[in-house]
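The primary structure of each chain is shown beneath.
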Amino acid sequence: MTAIGRYLKKHTEALVKDVGIEQACRVTGKSKATLGRYYSDHDEHADRYMPIETVALLEQAARYPHVTGALAELSGTSLQYDERRPNSERPGGVNSDVIALSQRFAMLMGEYQQSMEDGKITVNEAKRLLKETTLLQQVLIDMKLHLEQDHGGA
């Protein structure tokens, strides 16, 4: 087995254990044995990996996207993890998104105004501004998804 294969299997195991084996079986509809084969490093399972749909289902239930994170690292990229993880979608679709966008933009402008009171942005102020811009970006992504859902990506 290659180093990449071992690395992916290690993160697949971390994903299953994060969710819990019993819950992982319920979420995916797979047996304990099947899930175990996906991260087994035995020679007979060396070429067996978890299907991407199964990864997606488990990562929705997990605290962290272990396999996606590993793939990002292997490709030399990084993830920006959205910790909001709401229990349900925000009602209202695009209308609700426009309101959230306005509120987030106001928060960003408030942080910016406060940061510029002395004429310079400190490291801590920059971190707060970056956090606000990321939250603003997440609202825009939600809005984009709602528009695509409601209007077929027109």
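Calculation notes
- Residues numbered from 1 in each chain as written.
- Predicted model: local features only at pLDDT ≥ 70, side-chain atom pairs only at ≥ 80, totals over all residues.
- Heavy atoms only, no water.
- Buried < 20%, exposed > 50% of the residue type's maximum accessible area, 1.4 Å probe, protein only.
- Helix = DSSP H or I, 4+ residues; strand = E, 2+ residues; numbered from the N terminus.
- Contact = heavy atoms within 4.5 Å.
- Axes fitted to C-alpha atoms, helices over the stretch in contact; angles between N-to-C directions.
- Parallel < 35°, antiparallel > 145°, perpendicular 65-115°, else oblique.
- Nonpolar A, V, L, I, M, F, W, Y, C, P; charged D, E, K, R; others polar.
- Core = buried A, V, L, I, M, F, W, Y, C linked by side-chain atoms within 4.5 Å.

K.L.:
I tried to follow helix α3 (residues 32-39) on my own but got confused; where do I start?
P.N.:
Residue pairs spaced three or four apart in an α-helix point in one direction, given the helix's 3.6 residues per turn. Taken residue by residue, α3 has Thr-34, Leu-35, Gly-36, Tyr-38 and Tyr-39 as its buried positions. Structurally, α3 contributes buried residues whose contacts are with α1 (3-19) and α2 (21-28).

K.L.:
Would you mind showing me how to read the packing of α2 against α3 here?
P.N.:
In a pair of packed helices, the angle between the axes and the distance between the axes together describe the arrangement. The interhelical angle for the contact between α2 and α3, taken along N-to-C directions, is 100°, at an axis separation of 9 Å. Regarding the angle of α2 to α3, the classification is roughly perpendicular. Packed against α2, whose contacting residues are Ile-21, Glu-22, Ala-24, Cys-25 and Thr-28, the element α3 presents Lys-32, Leu-35 and Tyr-39 at the interface. Of the residues assigned to the contact of α2 with α3, the class counts are five nonpolar, one polar and two charged.

K.L.:
How should I be thinking about the nonpolar core in this particular structure?
P.N.:
Nonpolar side chains in soluble globular proteins generally cluster together in the buried interior. Of all hydrophobic cores here, the largest spans 13 residues; its most connected members are Leu-15, Val-16, Ala-24, Leu-35, Met-50 and Leu-58. Residue assignment for this core shows that the elements contributing at least two residues are α1, α2, α3 and α4 (52-61). With residues up to four places along the chain from it excluded, the contact list for Leu-15 reads Met-50, Val-55, Leu-58, Glu-59, Ala-62, Tyr-64, His-66 and Val-67.

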